[in-house]
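Overview (structure and organization)
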Number of protein chains: 2
Amino acid sequence: DARLADARQVHPAHERVSVPGSRPDLQVPRLRVHLTNGEAFDRYTTAGPGSDPAVGLPPLRAAWVRERGDDAAHDAGRPVTQMHHARAGRITPEMEFVALREDCEPELVRAEVAAGRAVIPLNVRHPEAEPMVVGRRFLVKVNANIGTSAVTSGVEEEVEKLTWAVTWGADTVMDLSTGRRIRETREAVLRNSPVPIGTVPVYEALEKVGGDAAKLSWEVFRDTVVEQAEQGVDYVTVHAGVLRAHVPLAAHRVTGIVSRGGSIMAGWSMAHARENFAYEHFDELCELLAAYDVTISLGDGLRPGSVADANDAAQLAELRTLAELTTRAWEHDVQVMVEGPGHVPLDLVEENVRLQQEWCHGAPFYTLGPLATDVAPGYDHITSAIGAATIGMHGTAMLCYVTPKEHLGLPDRDDVKTGVVTYKLAAHAADVAKGHPGARAWDDALSRARYDFRWHDQFALSIDPPTAQAMHDETLPAEAAKTA
Amino acid sequence: DARLADARQVHPAHERVSVPGSRPDLQVPRLRVHLTNGEAFDRYTTAGPGSDPAVGLPPLRAAWVRERGDDAAHDAGRPVTQMHHARAGRITPEMEFVALREDCEPELVRAEVAAGRAVIPLNVRHPEAEPMVVGRRFLVKVNANIGTSAVTSGVEEEVEKLTWAVTWGADTVMDLSTGRRIRETREAVLRNSPVPIGTVPVYEALEKVGGDAAKLSWEVFRDTVVEQAEQGVDYVTVHAGVLRAHVPLAAHRVTGIVSRGGSIMAGWSMAHARENFAYEHFDELCELLAAYDVTISLGDGLRPGSVADANDAAQLAELRTLAELTTRAWEHDVQVMVEGPGHVPLDLVEENVRLQQEWCHGAPFYTLGPLATDVAPGYDHITSAIGAATIGMHGTAMLCYVTPKEHLGLPDRDDVKTGVVTYKLAAHAADVAKGHPGARAWDDALSRARYDFRWHDQFALSIDPPTAQAMHDETLPAEAAKTA
């Protein structure tokens, strides 16, 4: 029986099933939606098998890592990355898992990872995660940010937010925690996460030096990255492209430097009149990441913070540097994503993908939104979903969500859900627009249910069944209204 | 003193001011946002001067209509349309009003209206409305649908929804009421509306014949249109393009015919084995509309109801007919808009505008969304805002809003606001993307306030100040958090 327990079932007609791979311990999860007409519709699911926070998830990939000798290679400081294996012509269980999940040939996954056009962000020390792929040939993915802060929330709350985010479809989660329990929170998140976890290590490094960017150093930063890699972080954002020469280009912007990581690195650089330490030590950083298979996400510290600043000299100068760093990381077999904006008017969105793909040789683009206008705080999940669907259609591989609280405050549980659902629909709209094989089948299944007045099927197939049903029942609660 | 009373002020820093025109009774409203740094930012406003529902709004345009002899011409059944005057080379006060509102030359307005590329939807019997223009050279507009139904709501509630919709920026409102008090509701809406009011007359005609489409006739339909025109309706949707030959083209769709007007006309046509009566009597209809200056909005009765059906043979066949009807209406000096879909994947959105603009000689395109995916009932304000911003960027002149309740139930007051605000931000994103003169100034003003941590200014400049402030105060309620 393929049925698995799932405490986070969002609709009674949903069932977690698994597609068997080439070995008994390779079981790829699917969400099966049972319809009232006897048919069923299967979808991609990120929800995981469900975990007891006190115990954590089982180490799904531990045997795979061990069998191919990655444990020993890791201990010896040698590359254990999926790119390393892909370039050697090996199809790992992770690649096969991803191929079954995406309904494509394993060889396509291997070839895209080998070429750097896709990444499978999986630290060998995070064996709990279900493999997933980020690349333009695959489904557009969504990242959700969570994290404690000095102002609010605790460890349990973050694990709950994580579980909530993956229940609604987050493909990866970034833990942007700050404050006292940062390490403990990350540990709990990692042990309970069925999806890859990303971080921005410079945030923790800054706390170690009392919050004064000028007191940072390569050593403090490196040690922080190592500690986080040891815990199992799957990808790290590093703002190594904020060079000294770029900073003056942002001086006359409407909104200067808005990326937190970008300001930290620019602040350090200016205080010491020295080049960005992450840039200077980039090869050392890559060697370190390669031994864990931590994917590097090249942060866009000079991303525009307003539509006025989009695609300007500062942004594009940094992108040129990120392109150079992409090639350097690949020399170490390190998997690379390149981060993108931010705030971009719709007419300039396509250019962002085009330049990034050309300059960075097809490395996956990972963008925040972008927001298509600055005038709607409180609705920035929407202003940015407009930009996100568009940039996804043009080839962005992963979209970092934006919640309604963007620019205003810290997202709570409801905001996390709204952000994830909004971005999942934007990502799906992009998949449909790209003509991604099979993507439109979901739309068609729901539209057929709608046309046949099969209301229960319409709810069950919805991206958010309880919300759809509640809105329906508000006007027409009677059972007859759902069947006629 | 330019200050006017405004009971519906949404932020204390907002003031309704007026820009004087060439005559004392031509005063164009603007929303002035007073900033804490001593500057002010002026925006377009649709809110109107505020009305007492028992009295209605003052007849702003009555003298203008009278002075140019439109009263007499109307009584004689002669054309009184803005297109008629524009073609004769006359710049009416309405055109001047619109030019001041849009910050452009009155001659541009006249030329665009004369060419049919823009409409000023204003029935001579709706003198209360403030003139506005719909056309691709102008700001992208937003329509909000309201309306009583058999299930819910009364006259007062609809007037309140109208006022609510224009408070948040609806540029026109369609009254889609059905049920017993349809005529009374429309009268109350018209007398209190500072924006043009649209209707779908076949809905009322159908009620007159007991809800049986087969019992409709040209005479019943015509009489209904005349009655509504007499009341002051500014534009009417007529599904004259649903020809008998087109109906079979929709037979193998995933979602058949989803437009209510489209199904009614197709149903009548099939029942009688005759051509669509609105098509057959189109010239008579136009003569009638020309004598009131009722703009015709050519309904797309065969619009796709799912992304699977987008841009198909049925839709495009109807569009060809709408192009033919556009030219015929122009022969009668009738102002024309052409309606568009619906549900369209993002990659096919641009083609919709391109074909409509080419085939219909630049007549303003007025689209419903379109929804970029079918999978998100409950979030269709967002799935459609994605399509709306994109289609607006490519040249659609007016966007018909979609609320979160689309496909699920009837919108309440909150849904109306969410729908309007979402569409206003989509329309603004389109204006910015088009490089519309001055459009980005709003973004820049808000971004500067954000970068300077002028929180109160950020709220005041927001598209929805109370929501932005409430979200901010949820995490950081202290006054210090707004100024530091």
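One can find the structure itself at the top, above this paragraph.
Residues numbered from 1 in each chain as written. Chains lettered and ligands numbered in written order. Predicted model: local features only at pLDDT ≥ 70, side-chain atom pairs only at ≥ 80, totals over all residues. Heavy atoms only, no water.

This next bit is on the overall build of chain A. When helices and strands are tallied, chain A shows 20 helices and 13 strands. Expressed along its principal axes, the backbone C-alpha trace of chain A runs to roughly 70 × 55 × 40 Å. For chain A, the residues scored as buried account for 65% of the 484 residues in total. For chain A, the share of sequence-separated contacts (at least 6 apart) that also reach a separation of at least 24 residues comes to 72%. Here chain A has roughly 15800 Å² of accessible surface; of this, 53% comes from carbon and sulfur atoms. Taking the 47 positively charged and 69 negatively charged side chains of chain A as two groups, their mean positions are separated by 2 Å. (Helix = DSSP H or I, 4+ residues; strand = E, 2+ residues; numbered from the N terminus. Buried < 20%, exposed > 50% of the residue type's maximum accessible area, 1.4 Å probe, protein only. Contact = heavy atoms within 4.5 Å. Areas by Shrake-Rupley, 256 points an atom, 1.4 Å probe, with all protein chains shown as cover. Lys, Arg positive; Asp, Glu negative; His and termini not counted. Charge placed at Lys NZ, Arg CZ, Asp CG, Glu CD.)

To continue, consider the packing of aromatic side chains. Residue and element names in this part refer to chain B. Going through the model one piece at a time under the given rule, you end up with 14 aromatic pairs over all chains. Ring geometry for F221 against F277: centres 5.5 Å apart, planes inclined by 55°, an arrangement best described as tilted. Here F277 lies in helix α11 (residues 277-280) and F221 lies in helix α9 (residues 218-231), a separation of 56 residues in the sequence. On the basis of relative accessible area, F277 is assigned to the buried category, the value being 2%. (Phe/Tyr/Trp six-rings, centres within 6.5 Å; stacked < 30°, edge-to-face > 60°.)

The next subject is helix α16 (residues 413-433) of chain B. Helix length check: α16(B), at 21 residues, gives a terminal C-alpha distance of 30 Å against a target of 30 Å (1.5 Å per residue), a fit within 8%. Two to three positions downstream of the cap, the backbone nitrogen of D414(B) sits 3.1 Å from a side-chain oxygen, assigning the N-cap of α16(B) to D412(B). (Expected span 1.5 Å × (residues − 1). Polar contact = N/O pair within 3.5 Å; in protein donor to acceptor, adjacent residues only side chain to side chain.)

Bringing the sheet that holds strand β7 (residues 172-175) of chain A into the picture now. All names here are of chain A. Reading around the circumference, β6-β7-β8-β9-β10-β11-β12-β13 is the order of the 8 strands in this closed barrel, with parallel pairing throughout. In this sheet, adjacent strand axes meet at a mean angle of 25° when their direction is disregarded. Sheet topology places strand β12 (residues 365-368) next to strand β13 (residues 398-400); 3 bridges connect them, and they run parallel. Residue pairing for β13: Y366 is matched across the bridge by M398. Helix-sheet contacts for helix α6 (residues 155-167) involve β6 (141-146), β7 and β8 (197-199), and the interaxial angle to β6 is about 160°. (Pairing = 2+ DSSP bridges. Axes fitted to C-alpha atoms, helices over the stretch in contact; angles between N-to-C directions.)

This paragraph deals with the sheet that holds strand β1 (residues 14-20) of chain B. Strand pairs in the sheet, formed through backbone hydrogen bonds, run parallel or antiparallel to each other. All names here are of chain B. Read across the sheet, 3 strands follow the order β1-β2-β3 without closing on themselves; strand pairing throughout is antiparallel. The two strands at the open ends of the sheet, each matched to only one other strand, are β1 and β3 (40-44). Shown here is a sheet whose adjacent strand axes are inclined to one another by a mean of 40°, direction ignored. Across 5 bridges, strand β2 (residues 27-34) lies against β3 in antiparallel orientation. Counted as the bridge partner of V33 is F41 from β3. Strand contacts of helix α4 (residues 93-102): β1, β2 and β3, with the helix running at about 15° to β2, the strand carrying the most contacts.

Quick look at the pattern of salt bridges now. Residue and element names in this part refer to chain B. Counting across every chain of the model gives 73 salt bridges over all chains. Among the salt bridges present, the one from E227 reaches K208, with a minimum N-O distance of 3.0 Å. You can see E227 sitting in helix α9 and its partner K208 sitting in helix α8 (residues 201-208), a full 19 residues away along the chain. Between D212 and K215 there is a salt bridge, with the nearest N and O atoms lying 3.9 Å from each other. A residue is classified by how much of its surface remains accessible, and K215, at 55% relative accessible area, is exposed. (Salt bridge = Lys/Arg side-chain N within 4 Å of Asp/Glu carboxyl O.)

This part is about the relation of the copies chain A and chain B. Between the two copies, chain A and chain B, the superposition gives an RMSD of 0.0 Å; the rotation angle is 180° and the shift along the axis is 0.0 Å. Interpreted geometrically, this transformation is the action of a two-fold axis. Looking at the rotation axis and the C-alpha trace of chain A, the residue lying nearest is I386(A), at 2.3 Å. (Least-squares fit on C-alpha atoms with pLDDT ≥ 70 in both.)

Residue and element names in this part refer to chain B. For the pair α4 and helix α5 (residues 106-114), interaxial distance at closest approach is 8 Å and the crossing angle is 120°. The orientation of α4 with respect to α5, classified from their angle, is oblique. Here the hand of the crossing between α4 and α5 comes out right-handed. Contacts from M95, V98 and A99 of α4 reach α5 at P106, V109 and R110. Tallied by class, residues from the contact of α4 with α5 come to 5 nonpolar, no polar and 1 charged. (Parallel < 35°, antiparallel > 145°, perpendicular 65-115°, else oblique. Left-handed = near helix turned anticlockwise from the far one by under 90°. Nonpolar A, V, L, I, M, F, W, Y, C, P; charged D, E, K, R; others polar.)

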